[in-house]
Structure formats: C-alpha cells, structure tokens
Amino acid sequence: MSLALFRALVAQAHDPSVPPAARVGLASVCSAHPLVLEAALARAGRAGRPVLIEATCNQVNQEGGYTGMTPADFRDMVWRIAEQAGCPRDLILLGGDHLGPNPWKALPADEAMRRAETMIAAYAEAGFVKLHLDASMGCRGEAAALPDDVVAGRACALAARAEAVAPGQAVYVVGTEVPVPGGVSGGSDHLAHLVPTAPEAALRTLAAHEAAFRPVLGDDVWSRVIALVVQPGVEFDAQEVVVYRREPAQPLAGVLAKMPGWVFEAHSTDYQPECALRALVEDGFALLKVGPGLTLALREALYALDALREVLYPGGKSLRETMEQVMTDAPGHWTGHYAGSAAQQRMLRHYGYSDRIRYYWSFPDVEAAVGRLFADLEESGLPDVLLRQFLPAVGAGVRSGAIARTPRAIVLAAIDLVLEDYTRACVPPGLHGS
C-alpha cells in the first residue's frame, strides 16, 4: 500500500488531466507525544484514510534520541496507540525525518556518517517506508553548508544502507534547503529575508542526486526518490509566522513540470491557515510537515484546563508552575532558541510558536502534574460555564455530546482541530472525511 500510495500522489501531481483544485496532498505528523499520535490515528481510523507519522533523527535513533526510543520502539508505540484508537495498521505509514549525521555532527564526518548509516538501517529494519535523507549539515572541521555533490554522495550512502536491510521497501526524500531538526532559533531577522528556493537550485539538487544514485543504486532505487524538500516561503520562529504567498512561489512551483516523478515536500507548515495549506497542495507541495503546531495545541488545551481548575480549586500548584520549574532546572532544550529579556524568555518558554516546551512533556514531574490535572477535573464535572470561558473552540462539542466530558477527550479534540485543517487542505472538497 505504501509504495502505491506515494506513486499515486506523484502521478496525480503530474497528470495534466488533474486540475490543481483536484490535487491531493498528504500531511506528515512529526511528533512522539502519545496524545498527538492518538488524535492523528483516531482521525485516520474514522476516515479510513492513510496517516503518515514521522520521527526525527534527534528524537528517535539507535541510541535512543531525546525520547529514549529506538525506531522499533517508536513503531511499537504507534501500533499500540493505533489499536486503542481503532486505526488499522495498514493505514499507517511510518517515516523518518532528517535521517543523517545531524545528531553526531560534532564528530568527524566519517564517524558521524557511520552512525547515521546505523540509524537509517534501524529505521529500515523497523519498517519505516518514507525516509528523508538529510546530509546537508557539515560535521567537525567542515563548512556549515556542504556542496550539492557531497550532500548527494552521502545521501546515496544512506540509501544504500537502507536498501541493504530492506530492499525495495522505502521511498526517499532528498533536498538541502531544509530547516534544521527542531526548528529555527534566535531572532526574527531571517524571516524578513525568507524567499522560495530558486528553480535552478532545485534542478541542481535533483541533478546532483541523480548523478550520485543511478550509477550506484540503479534505476529502481532512483525511481523511489520521489520528493525534494524545498523552501516554498513558509516558516515560523518563536513569535512570527510567514504565511504562504503564491505569487513569489510560482517560479519554483513551475519547475515541477521539469521533474516528472517528483513532488515537493514543505517543512515548517505549522500555523499556516487552511487556505494557505490548500494553496501549497494545489501548487505541487504535496507533502506537508506539521509538528510543533500540534503540540502547541496540546499545550494550549492543557493550560486552559489548568486555568479552569484554578477557578474550581484555587491555591494549588499549577501545571504552568511545574513546567516553569522543570524548564529552568533543565534549560538545554530552549536555551539559545529564545531571545530578549528574562521576562520575554519566560513568556516564550511557555507560549512561543517554536514550542520548545514540547521536549518536557515526558519528564516524570510533568507527567505526574498532568495526571493530577486530569484526576482533579474528572471529579469536577467540567461545568459548561467554565468550558465556555476557557475552551470555547471545543466547549460546544462537549455540550452537544460530540466530545466526551473528560479532560483527556478535550485535549484530543483540541489537537484534532489542527489536524482537520490539514485534512481539508490535503483532500479536495467533496472528498473530506471526519
């Protein structure tokens, strides 16, 4: 199913009989949070449509990543959640994002690449079917950005290792114009200068990869390199979002006509309005990455429930206070990502679009605090008047009975509102499911 689905996505993008308004896309859910995964899998199960779930190199790798999970562990977690959420396994596509030397880029290139090859073998062995080959970053002693031919050669080595483990099982995504894993950091100056990838740069990247792949891996593997990561002109940082504008991206979109068998993949599409997401799909950016936007919706719902609890049970330690303590005790996941005064950084730690807070939800003290929040609110009955005040977007669904009157169901519903935007953007009108 997986190879056929990706090939169909590419074919319809190049079929002149398919008008742009009828093009179909596929969202990529890039998160390891169980509630985000449950919301995505439940939506797929209800609609009977495939769901693409991706893990990143820093998050999940043979050494555990920051989640402590190997690719096989991540796969097993997704399958467990899918069973609970009523999503058949044959609807689930697993992907690996930014697979390359990034977690080990402080090491010499040879050692970093050895570890990257071990990582991609672990992803392939675990049954991941969409592999993003990202060797764009320099390692110790190298320039920060590498020439296309070097990147392509390293990507080829990674694909060769995946093919040795699971021949013919995966499709590949390549490209050097990618946001770094984890998102952009620092101030907003770079957003003011954000421009779409130049058409000639996209074609150079494609040509470099073809020159590297075909002689070494052959036509079959090259036919399964189906997407190029480019910059369509979308990005976000801690406080700003650059929304997709069609006109500046048209030269890039037009170059797809010279790339039969390929689509574009867009990263950092979080926080784009539905109309912008739909425009991306119509313009050939068929694969849309989303991650922080989903965990930010999770955080918004948890903080709203926390504020609701404070009305019912004033004086206790809030979830926000727990999060602040944990983040300041272990600042490694946000330091360097938020600029400004101490007060500005404190605000952004909790509310910034970069959502660096997502790295802390699995900390034991945080999991315990969320458990207490849910337990307190299970006993409260979640009064309608407080749902209206603190959770207006989902409160109506609770009052109508469409959403269960439980804190967990409310959080899942808040995440699903973001996923609904992607469903509507990726599926033309008239084909939408729930």
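All values reported here derive from a predicted model rather than from experimental measurement.

Reading guide: rules and limits
Residues numbered from 1 in each chain as written. Predicted model: local features only at pLDDT ≥ 70, side-chain atom pairs only at ≥ 80, totals over all residues. Heavy atoms only, no water. Helix = DSSP H or I, 4+ residues; strand = E, 2+ residues; numbered from the N terminus. Buried < 20%, exposed > 50% of the residue type's maximum accessible area, 1.4 Å probe, protein only. Core = buried A, V, L, I, M, F, W, Y, C linked by side-chain atoms within 4.5 Å. Domains from an automatic or database assignment. Contact = heavy atoms within 4.5 Å. Buried area = accessible area lost by both parts, 1.4 Å probe. Salt bridge = Lys/Arg side-chain N within 4 Å of Asp/Glu carboxyl O.

## A word on the environment of Pro314
Item 1. Mapped onto the fold, Pro314 is located in the loop between α10 (292-312) and α11 (319-329).
Item 2. Taking the relative accessible area as the measure of exposure, Pro314 reaches 61% and is therefore exposed.
Item 3. C-alpha separation for the pair Pro314 and Met77, spaced 237 residues apart in sequence, amounts to 36 Å.

## Structural notes on the nonpolar core
Item 1. In terms of nonpolar packing, the biggest core is built from 125 residues, with Leu41, Phe74, Phe213 and Trp361 touching the most fellow members.
Item 2. Looking at this core element by element, the count peaks at 11 residues for helix α16 (residues 407-426).
Item 3. When residues of this core are sorted by domain, at least three fall in each of domain 1 (1-290) and domain 2 (296-417).
Item 4. Among all residues touching Trp361, those that are not within four sequence positions of it are His33, Leu298, Arg299, Leu302, Tyr303, Leu319, Met323, Val366, Glu367 and Val370.
Item 5. Formed by 16 residues, the second largest nonpolar core is a distinct cluster that contains Phe6, Val171, Ile226 and Leu287.

## Focus: the domain arrangement of the protein chain
Item 1. Domain parsing of the protein chain yields domain 1 (1-290) and domain 2 (296-417).
Item 2. Each of domain 1 and domain 2 has a C-alpha centre, and these two points are 30 Å apart.
Item 3. Contacts between the two partners involve 20 residues from domain 1, matched on the other side by 21 residues from domain 2.
Item 4. Both faces considered, domain 1 and domain 2 share a buried interface measuring about 1,700 Å² in area, 60% of it formed by carbon and sulfur atoms.
Item 5. Per-residue buried area on domain 1 facing domain 2 is highest for Leu35, Ala238 and Tyr271; these three make up 30% of the total on that side.
Item 6. Along the contact surface separating domain 1 from domain 2 lie 3 salt bridges.

## Overview of the environment of Leu287
Item 1. With respect to the element layout, Leu287 can be found in strand β10 (residues 287-290).
Item 2. Spatially, the C-alpha atoms of Leu287 and Phe74 are 21 Å apart, while their sequence positions differ by 213 residues.

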